[in-house]
Amino acid sequence: MISMEDWAEIRRLHRAEGVAIKEIVRRLGISRNTVRKALASDEPPRYQRKSKGSIVDPFVPQIHKLLADSPRMPATVIAERIGWQRSMTTLKDKVRELRPLYVGVDPADRLVHRPGEAAQMDLWFPEPVIPVGHGQSRMLPVLVMTLTFSRWLAAVMLPSRQSGDLLAGMWQLISQVGAVPKSLVWDREAAIAPKGKPLPPVQGFAGTVATKMVIAPRRDPEFKGMTERNNQYFETSFLPGRRFRSPDDFNIQMRDWLAQRANQRKIRSLGDRPTNVLAADLTAMTVLPPHPPSTGFSWQIRLGRDYYVRFDTNDYSVDPTMISRLVQITATLDRLMAVCDGTVVADHPRCWARQQIITDPAHVTTAKALRADFNRIRRQPTRPGEVVYRPLSIYDELFGLTSTTDGSDDVGQESA
């Protein structure tokens, strides 16, 4: 085989200096045929070793048959079926080469994200358990939002993955940004769209903030791969070396890190820093609604003699003068409140621990006084054989109930 130097020299002598083939043969001491081949070849000579085949080649017909029956059969199972005893790397390379013949090729398109177009939402579950009080620690979800154009990141830790908390978290992150993306991209989270269609509270949220809920197809993690990659970024760049005293401490550290580090880093695909591109995103977004959407939890209950209401496994006390009356309960990320006829009858910090009893000392004092008055009325002395009749209005007054009659309720009397 002719060397690279001889090939280059032959072509130079013949084409640049017009030296005849016979003279080139004489000068370089090579055969006439070699000179002719060098002049006929427009590409430099390359050494090519003749392929000896692969040790897998005798098994290729069996692999074809197995893949034809089950295109996604793992290489480890194929090795077992064909009795493979050699290197698994060699076999896997061959299977990787043959598998597209049966399962096809799924190319990934390069997406173009326009300003204000979308925000990808996802839940991240950091491994460190967070102290939540009452001697308990829990692994809590973190709601992550990624603006697809500017790559701006925002995140907040939540007490649960229920709809009310997820909606409250979304509104908190959107409010921090200061505008509403044209669409919010979610996977089939059970509290968002378990069957591919947003739940009614989620649709109500989207309508209030004037955005569109886009739900990812089933088993398609690439649909919102941007925020999925950011979760891994948190694992490797935010968590190492950190300790958290509470969910509030986690959120403070996360907010500071996002502002000082994550949103300040230069992103190769963006060619800039998220903080520098955010303005273009905000300009194309929808303005915040004049009234906030309905988030959190709200329900009505008739307060029983046990003047507590249960929410998320915890019991919260309510003013016992509201016993037997309808009370409106509202729970946010931070507080649980009870209202009756426009009056706040309970206001507690929300407990993120489990199976706890949250009591307002004033409610215990009120219950003790009501119980004493009730027992005093029951124990009034009577003469032998005398039956004491008491109007029901006494009990209405005792429990703070307003009588709707003008004295006719005395007809229904209770004997003691």
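One can find the structure itself at the top, above this paragraph.
First, a word on what this report is: a plain description of the structure on this page. What you are looking at is a predicted structure, and each value in this text was computed from that prediction instead of being measured.

**Concerning the side chain of Gln356**
So, step 1. Counting through the fold element by element, Gln356 comes out in the loop between strand S13 (343-349) and strand S14 (357-358).
So, step 2. Ignoring sequence-local partners within four residues, the contact set of Gln356 consists of His134, Gln136, Thr313, Asn314, Asp315 and Cys351.

**Topic: the pairing of strand S5 (residues 153-157)**
So, step 1. Within S5, five of the five residues are buried, which leaves it mostly tucked inside the rest of the structure.
So, step 2. Burial of S5 is two-sided: the residues Leu153, Ala155 and Met157 facing one way and the residues Ala154 and Val156 facing the other way are all buried.
So, step 3. Across five bridges, strand S4 (residues 142-147) lies against S5 in antiparallel orientation. Of the residues in S5, the one forming a bridge with Leu143 is Val156.
So, step 4. As consecutive antiparallel partners, S4 and S5 are separated by five residues, and within that stretch Arg151 has a phi angle of approximately 65°, a positive value.

**Description of the sheet that holds strand S7 (residues 212-215)**
So, step 1. Spatially, five strands are ordered S5-S4-S1-S6-S7 in an open sheet, and the strand pairing comes out mixed. Lying at the two open borders of the sheet, with one neighbouring strand each, are S5 and S7. If you compare each strand with its neighbour and ignore which way they point, the axes differ by 25° on average.
So, step 2. Pairing geometry for strand S1 (residues 118-124) and strand S6 (residues 183-186), over three bridges, is parallel. In the sheet register, Gln120 faces S6, and the bridge partner there is Val185.
So, step 3. Against the sheet, helix H8 (residues 163-177) makes contact with S1, S4, S5 and S6, and its axis sits at roughly 40° relative to S4, the strand it touches most.

**Quick look at the nonpolar core**
So, step 1. Counting residues in hydrophobic clusters, the biggest one holds 41 residues, and the most contacted among them are Trp124 and Phe250.
So, step 2. A total of four residues in this core trace back to one element, the largest contributor, which is helix H11 (residues 247-260).
So, step 3. Residues in contact with Trp124, not counting those within four places in the same chain, are Leu140, Pro141, Val142, Val144, Asn231, Phe234, Glu235, Phe238, Leu239, Phe250 and Met254.
So, step 4. Membership of the second largest hydrophobic core comes to 34 residues, among which are Val156, Leu166, Leu173 and Leu184.

**A look at the packing of aromatic side chains**
So, step 1. By the definition in use, this model includes 13 aromatic pairs.
So, step 2. Between Tyr233 and Trp257, the ring centres sit 5.3 Å apart and the planes meet at 40°, which makes this aromatic pair tilted. Linking Tyr233 in helix H10 (residues 225-237) with Trp257 in helix H11, this pair joins segments that are 24 residues apart in sequence.
So, step 3. Seen in terms of ring centroids, Phe244 and Phe250 are 4.8 Å apart; in terms of plane orientation they differ by 55°. Their pairing is tilted.

**Focus on the packing of helix H1 (residues 4-16) against helix H2 (residues 21-28)**
So, step 1. Interaxial distance between H1 and H2 falls to 10 Å at its minimum, and their mutual angle equals 140°. Relative to H2, the element H1 lies oblique. As for how H1 packs across H2, the hand of that crossing is right-handed. Contact residues: H1 offers Glu9, Ile10, Leu13 and His14, while H2 offers Ile21, Ile24, Arg27 and Leu28.
So, step 2. Tallied by class, the residues present in the contact of H1 with H2 amount to five nonpolar, one polar and two charged.

**Concerning the pairing of S13**
So, step 1. Direction of pairing for strand S12 (residues 335-340) relative to S13: antiparallel, over a ladder of six bridges. Bridging from a neighbouring strand, Ala338 pairs with Ala346 of S13.
So, step 2. Turn length for the S12-S13 hairpin, with the two strands adjacent in sequence and antiparallel, is two residues, and the turn residue Asp341 shows positive phi of about 50°.

**Points about H11**
So, step 1. Along its 14 residues, H11 runs 20 Å from first to last C-alpha, staying within 8% of the 20 Å computed at 1.5 Å per residue.
So, step 2. Where H11 is buried, its residues touch S1, strand S2 (130-133), S4, S5 and H10.

**Notes on the pattern of salt bridges**
Any two side chains of opposite charge can pair, so long as their charged atoms come close to each other.
So, step 1. Under the counting rule described, the total for this entry stands at 18 salt bridges.
So, step 2. Counted as one network, the salt bridges with shared partners bring together Asp165, Asp312, Arg350 and Arg354.

**Let's talk about the side chain of Asp122**
So, step 1. When you line up the elements, Asp122 lands in strand S1.
So, step 2. Only 2.8 Å separates the side chain of Asp122 from the side chain of Asn231, close enough to count as a polar contact.
So, step 3. Filtering out sequence-adjacent residues up to four positions away, Asp122 remains in contact with Val142, Leu143, Val144, Asp187, Lys224, Thr227, Glu228 and Asn231.

**Quick notes on unusual backbone geometry**
So, step 1. Here the phi dihedral of His134 falls at roughly 60°; this positive angle occurs in a residue that is not glycine.
So, step 2. Its place among the elements puts His134 in the loop between S2 and strand S3 (136-138).

Reading the values: rules and limits
Residues numbered from 1 in each chain as written. Predicted model: local features only at pLDDT ≥ 70, side-chain atom pairs only at ≥ 80, totals over all residues. Heavy atoms only, no water. Helix = DSSP H or I, 4+ residues; strand = E, 2+ residues; numbered from the N terminus. Contact = heavy atoms within 4.5 Å. Buried < 20%, exposed > 50% of the residue type's maximum accessible area, 1.4 Å probe, protein only. Pairing = 2+ DSSP bridges. Axes fitted to C-alpha atoms, helices over the stretch in contact; angles between N-to-C directions. Core = buried A, V, L, I, M, F, W, Y, C linked by side-chain atoms within 4.5 Å. Phe/Tyr/Trp six-rings, centres within 6.5 Å; stacked < 30°, edge-to-face > 60°. Parallel < 35°, antiparallel > 145°, perpendicular 65-115°, else oblique. Left-handed = near helix turned anticlockwise from the far one by under 90°. Nonpolar A, V, L, I, M, F, W, Y, C, P; charged D, E, K, R; others polar. Expected span 1.5 Å × (residues − 1). Salt bridge = Lys/Arg side-chain N within 4 Å of Asp/Glu carboxyl O. Polar contact = N/O pair within 3.5 Å; in protein donor to acceptor, adjacent residues only side chain to side chain.

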